[in-house]
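Each chain, letter by letter, is given below.
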Amino acid sequence: MIKKHENYRELVLRLAKTDFKLRYHGSTLGYVWVILKPLLMFSVLNFVFSNIFGMRNSTNPYYPLELMTALLMFQFFAEGTMAGMMSLVLKAQLVTKTYVPRWTIVLGSTINSLFVFGMNLIVLTFFFFIYDKMPSFLGIIMFLIYSILLYLLIVAFSFVTAPLFVRFRDLSNIWEVLLSILMYASPIVYPLSIMPIYAQKILLLNPLAFIIHFSKQGLISNNFTGFYNFSILFFSIVFVFILSFFIFKKYEKKVAEII
Amino acid sequence: MSKENEQKNKNAICVKNISKEFIIPHERVNTLKSAFINLFNKKTYDSFYALKDVSFEVKKGEFFGILGRNGSGKSTLLKILAGVYSLDNGFLEINGLVSPFLELGIGFNPELSGRDNIYLNATVLGLCKKEIDEKFDSIVAFSELERFIDQKIKKYSSGMQVRLAFSVAIHANREILLMDEVLAVGDANFQIKCINEFEKYKASGKTVILVSHDIASIERYCDRAMILENGEIKKIGVAKEVVDEYKKINSLVQEVVIDKIIDTNLNSNIDHLKLNELLKIKEQENKNLHKIINSKNQEIAFMKASKFWKMKEIYEKLKSIFRSKKNISNKDYDIWIYNNENLNISEIKKEINNLNYRPKISIITPVYNVEPRWLDKCINSVLNQYYENWELCLYDDASTNKDTLKCLKKWEDFDPRIKILFGKENKNISLASNEALKIATGEFIALLDNDDELSLNAFYENIKVLNINKDIDFIYSDEDKLELNGKRSDPFFKPDWSIDLLLSEMYTCHLSLYRKSIIDNIGGFRKGFEGSQDYDLVLRFIEKTNSSKIFHISKILYHWRKVVGSTAGSINAKSYANEAAKKALNEYFERNNIRGDFSYGKFKGSYRGKREILGNPKVSIIIPFRDEVQVLKNCVSSILEITSYKNYEVILVDNNSKEKETSSYLESLNKIENINILKYEKEFNFSAINNFAVNFVKSEYILFLNNDTEVIEGEWLSSMLEHIQRKEVGAVGAKLLYFNDTIQHAGVVLGLGIASHPFKKYNLNSHGYAGFLDVIRNYSAVTGACLLTKKSLFLEVGGFDEVNLPIAYNDVDFCLKLRQKNYLIVYTPYSILYHYESLSRGFDEDLKFKNPEKYKRVLFERNYMENKWKEVIEKDTYYNINLTKEREDFSINLK
């Protein structure tokens, strides 16, 4: 059969780098937007919810920290899935004009948001300094694991939707709406504890909500979920990830003809 | 078993029974809604096989061609080989990595710069960063896009994109190269490169698969080939046989392709067999170029480094591309019409009534199957002429179109001045025109095509001229074109009478007024020159008159309609006309006892009369210099090595050189027979140095050459010599290029300042306004940087003016002195040299402060010229008064 590409790592990184350049070229502030955008988002939400809705109070002094952590993770998810979904269509010229293993294109696009997330983590660290909050070691480790799981989720989602999006261009609009629903269905602007217990349980069925909630709990309140819950999450995400790859393999074949 | 394996290893590509089916839904499902609706409806779709059961093998190191018409499955096959499309069934084996180059691109991102795209695509093709870093310069150099590499791809032209893509593809160094119609795009130069690169590929045992419908390239470069038709292999085998078969299959396709080949050959003037040679020469040139730049012009190197210069270069390049496409923007032309053509009818009528001499003008119009709406307009434009003493002689050449006949009948009794004859059988344009001539009774003849129009003041302007000078035999005027919607465009503002321009292209054309007695004398039009019968007529006509009886009116008096198939629409429409024109020109040479012959010129519709050099006259090449030995060396050695005409001597005039290297170089030259060295020890005075050198010359012809020039082509000297030997010619100039292959000199136009070089910094490939860059023609002057003249004439007019014009304008002054004695100055584009003059001219204003003495001298020379040649400078006879005096690009004068 056709001999495949060997230098995957370099290829994926080059694609990610290209994406990154494309995204910020032409804007005056350029790469500053990487940090500026979540900061601005944070300022708005923080102003609304801390001051107007009074979320920040004596029972919850670290509300801004929680908001920032959750917001960053959500942004990571939203941007990653969006970019992943559209990756094949936006790189149509690479799909139709030459042979590239197509999963590298999808992966390359999501890596970009991973990079942005990484940059923002520096900002987050800074925030923790300002609020003089030192998270526990386990909290940080769990946060990193959750981040990796979140990334796997993004990639899995992208693998499934990227070839679908080639066929059904409505997906991007639908997903945008769904994302805003997801934003309020996850404990981002509010702590999970303000919900009734049964609602909490339902909300936590959403892996995104689960990841966000326990990431910030771990970092700020040193509060973790049980081993049982965690392993269900872990294995189901890994399973979905593997499954998504096979789905992708199945659907990518016809992509060049439709795109 | 092992043998089988060996066999397998020899195959680069092995394809067995592959098929590819495409489904064409009747309504494409592209949204969820339609997908949802379609769930309930029965899906209706057609399918079609792009490839059906295709099997073939390509051996390693083979150059394999795939022929086929559009839609035959070529590209699908290539995409399958590249791995872009998946297989439906069948078996595909590829040994080695594939470098695809599909649909003229390898997936560039338009928003990224050329540099980023190189990195992206080279990575896609499997190079790692280190390798790309190493190869980057070579990739860019091959694509010749050094200056644009940091510009976004979307700003590139398609040709530039292809060059870059191709360059990346070949640098990927893969075993198998898939090429889809690469040769279709790109200029000749690039095609040479491609082919050379293919050959290198082949030599290193790699495989190239070339898809094309250009059979010529398949035949020339492929070992084997196959024809695809409707997804099946029609024939596979040795390239030659396959190509023959393909020609047989579709003779129509063949014709088109051959036409294309002829076109490219004509346009590029490149014989494919000589490709390699040319490439070598080009490389040599480039080497010399770098040498020179490094050694001489630090100034340029410095400027080149600055960003501003780069930007300016790009700007100039784009500008010249733009200009060459459309010389004159139509908006400018509209303004010009508004400013120049508001006529006062009553005054004109009054003026006409006061004229003494009112000869009758006969308009000759052969009619054949013209659309009535155009014919009506044509006849109306004659009827409405301000000058009324005319007759319109229409001859219908047995039109088969009933509407045309009906229309003619309608006009039959409309006006007694309209005479209509109906021919019984179709003759041809020449004889039909002669028939019309027979019924003409006027003193002058004008030619009008049956779908064109005259300006209403056309005859009035002509008669006005005749009232000033009754002896004039031939008047021609400017013309423009009519779009189908009636809008006027593409004005052609012609120079005054230039015999050499007429021998290069039919520029007098319309509207021309000929004295009938002379036309009768030469027997009217001739059969066998159809399509160029008027060219032939003019050539024979001018022999019976002389240049003082030829007049040019700088007004637009004639409008060609761009009808499909008419010569106005496209030059390609009538290639038989070009043949006829060549024949007419050759006969002109014969009649006038000029030894030589005509070939096609550098663009379609232009011709080159190559005259034989009579005898073997000696030429003395005078080169003044002071030090700068590298520059001199380059100049002298290029003359010695390249010049094909051998009877010449080089006279080097040393003006106070001081450096050691110079003297040692001069010593080394002593051994060479045809080099003489003179010493001129007074201070620098260009005129005086040359005058001094002429005293030592014994030969008949003198060529003044600057030391910062370099010969490129062997023909340079003979191309100039063939003109200077004519007794009516006083001086000959050449086409000079800046180091970056843009125009430095192609004739001198007076009145742009004092005098300036038109088309400066135009691209070498550009033909300029009306093709003036690429035809032999007359100008008022040519530059002294490379000027060939006769010794006798030089002495007769007193040489260069060393008293008043020591540095500048002495060449222009010299040429004008020759013009005063009615000698012609000829510019020939067939003699091309580099002239490494600094690009940064025009620092005269700064000079005021930096070097006040020099500034004073420049001012003096300028004033001197202005006073001495006032009238000549005001109106250059070889430059139309309607063209601008502000720029050097022959654009319209809007004042």
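1. A word on the overall build of chain B
Scanning chain B for helices and strands turns up 32 helices and 32 strands. Here chain B holds 895 residues, and 43% of them are scored as buried. Of the contacts made within chain B by residues no fewer than 6 positions apart, 79% connect residues no fewer than 24 positions apart.

2. Observations concerning the overall build of chain A
Within chain A one finds 11 helices and 0 strands. Starting at the N terminus and ending at the C terminus, chain A contains elements arranged as α-α-α-α-α-α-α-α-α-α-α.

3. Notes on the packing of helix 2 (residues 32-52) of chain A against helix 3 (residues 63-90) of chain A
Residues and elements named next belong to chain A. Interhelical geometry of helix 2 versus helix 3 gives an angle of 135° and a closest axis separation of 10 Å. Here helix 2 is positioned oblique relative to helix 3, judged by the angle of their axes. Crossing handedness for the pair helix 2 and helix 3: right-handed. Note on element contacts: helix 3 touches helix 2 through Tyr 63, Pro 64, Leu 67, Met 68, Leu 71, Leu 72 and Gln 75, opposite Pro 38, Met 41, Phe 42, Leu 45, Asn 46, Phe 49 and Ser 50. Considered class by class, the residues forming the contact of helix 2 with helix 3 number 11 nonpolar, 3 polar and no charged.

4. Let's talk about the packing of helix 5 (residues 129-143) of chain B against helix 6 (residues 158-171) of chain B
All names here are of chain B. Following both chains from N to C, one finds helix 5 and helix 6 inclined at 140°, their axes separated by 8 Å at the closest point. With respect to each other, helix 5 and helix 6 are oriented oblique. Handedness of the crossing formed by helix 5 with helix 6: right-handed. Facing Lys 135, Ser 138, Ile 139, Phe 142 and Ser 143 of helix 5, the residues of helix 6 in contact are Arg 163, Leu 164, Ser 167, Val 168 and His 171. Residue composition of the contact of helix 5 with helix 6, grouped by class: 4 nonpolar, 4 polar and 2 charged.

5. So, the pairing of strand 26 (residues 729-737) of chain B
Working note: regular strand, side chains alternate between the two faces of the sheet. All names here are of chain B. Counting buried residues in strand 26 gives 9 out of 9 residues, a clear majority hidden from the surface. Sheet topology places strand 26 next to strand 32 (residues 824-835); 8 bridges connect them, and they run parallel. Looking at the pairing, Leu 737 lines up with Tyr 834 of strand 32. Note that strand 26 and strand 31 (residues 786-790) share 3 bridges and pair antiparallel. The residue of strand 31 that forms the bridge with Ala 731 is Thr 789. Sheet topology note: the strand 26/strand 27 (residues 743-745) ladder contains 2 bridges and is antiparallel. Note on strand 27: the bridge partner recorded for Leu 736 is His 745. Turn length for the strand 26-strand 27 hairpin, with the two strands adjacent in sequence and antiparallel, is 5 residues, and the turn residue Asp 741 shows positive phi of about 65°.

6. What about unusual backbone geometry?
A negative phi angle characterises most non-glycine residues, just as the trans form characterises most peptide bonds. All names here are of chain B. Each neighbour pair has its own omega, and for His 510 with Leu 511 the value is -15°, a cis peptide bond. Examined against the element boundaries, Leu 511 turns out to sit in the loop between helix 20 (499-504) and strand 17 (512-515). Phi angles above zero are rare outside glycine, and Asn 656 is one such case at about 60°. Considering the arrangement of structural elements, one finds Asn 656 in the loop between strand 22 (648-654) and helix 25 (660-669). Of the residues examined, Asn 656 has 12 C-beta atoms within 10 Å and is grouped as exposed. The residue Phe 890 is not glycine, and still its phi comes out positive at about 60°. Tracing the sequence through the fold places Phe 890 in the segment after helix 32 (870-874).

7. Digging into helix 1 (residues 8-24) of chain A
Its 17 residues give helix 1 of chain A an end-to-end C-alpha distance of 25 Å, which sits within 8% of 24 Å, the value for a rise of 1.5 Å per residue. Among the residues making up helix 1 of chain A, those that are buried are Leu 11, Val 12, Arg 14, Leu 15, Ala 16, Thr 18 and Asp 19 of chain A. Taken together, the buried residues of helix 1 of chain A touch helix 5 (102-130) of chain A together with helix 4 (114-124) of chain B. Positive phi appears at Gly 26 of chain A, one or two residues downstream of helix 1 of chain A, with a value of about 85°.

8. Considering the pairing of strand 6 (residues 176-180) of chain B
Residues and elements named next belong to chain B. Among the 5 residues that make up strand 6, 5 are buried, leaving the element largely enclosed by the rest of the structure. Neither face of strand 6 is open: one carries Ile 176, Leu 178 and Asp 180, the other Leu 177 and Met 179, and all of them are buried. Of the pairings in the sheet, the one linking strand 6 to strand 7 (residues 207-212) comprises 5 bridges and is parallel in character. If you follow Asp 180 over to strand 7, its bridge partner there is Val 211.

9. Thoughts on the nonpolar core
Core analysis: the largest hydrophobic core is formed by 156 residues, its most contacted members being Ile 622 and Ala 781 of chain B. For Ala 781 of chain B, the residues in contact, after removing those within four places along its chain, are Val 748, Leu 750, Ala 755, Asp 811, Val 812, Cys 815, Leu 816 and Ile 825 of chain B. Counting residues in hydrophobic clusters, the runner-up holds 129 residues, among them Met 86 of chain A together with Val 15, Val 54 and Leu 210 of chain B.

10. With respect to the environment of Asn 467 of chain B
Residue and element names in this part refer to chain B. By the secondary structure assignment, Asn 467 is in helix 19 (residues 458-468). By C-beta crowding, Asn 467 is classed as partly exposed, having 16 other C-beta atoms within 10 Å. Linking Asn 467 and Pro 359, residues 108 residues apart in sequence, is a C-alpha distance of 9.8 Å. Those residues in contact with Asn 467 that sit more than four places away from it in its chain are Leu 355, Asn 356 and Tyr 357.

11. A look at the confidence of the model for chain B
All names here are of chain B. Summing up the model confidence of chain B, the mean pLDDT is 80 and the portion of residues at 70 or higher is 83%. Contacts of residues 839-845 to residues separated by more than four positions or lying in other chains number 4 contacts, the stretch itself having pLDDT below 50. In the predicted assembly, ipTM is 0.85 and pTM is 0.53.

12. A short note on the environment of Tyr 769 of chain B
Residue and element names in this part refer to chain B. Assignment of secondary structure puts Tyr 769 in the loop between strand 29 (755-756) and strand 30 (777-778). A count of 21 C-beta atoms within 10 Å places Tyr 769 in the buried class. For Tyr 769 and Pro 758, which are 11 residues apart along the polypeptide, the C-alpha to C-alpha distance reads 10.0 Å.

Reading the values: the criteria
- Residues numbered from 1 in each chain as written.
- Chains lettered and ligands numbered in written order.
- Predicted model: local features only at pLDDT ≥ 70, side-chain atom pairs only at ≥ 80, totals over all residues.
- Helix = DSSP H or I, 4+ residues; strand = E, 2+ residues; numbered from the N terminus.
- Buried ≥ 20, exposed ≤ 12 C-beta atoms within 10 Å, placed from the backbone.
- Contact = placed C-beta atoms within 7 Å.
- Axes fitted to C-alpha atoms, helices over the stretch in contact; angles between N-to-C directions.
- Parallel < 35°, antiparallel > 145°, perpendicular 65-115°, else oblique.
- Left-handed = near helix turned anticlockwise from the far one by under 90°.
- Nonpolar A, V, L, I, M, F, W, Y, C, P; charged D, E, K, R; others polar.
- Pairing = 2+ DSSP bridges.
- Expected span 1.5 Å × (residues − 1).
- Core = buried A, V, L, I, M, F, W, Y, C linked by C-beta atoms within 7 Å.
- pLDDT = per-residue confidence, 0-100.

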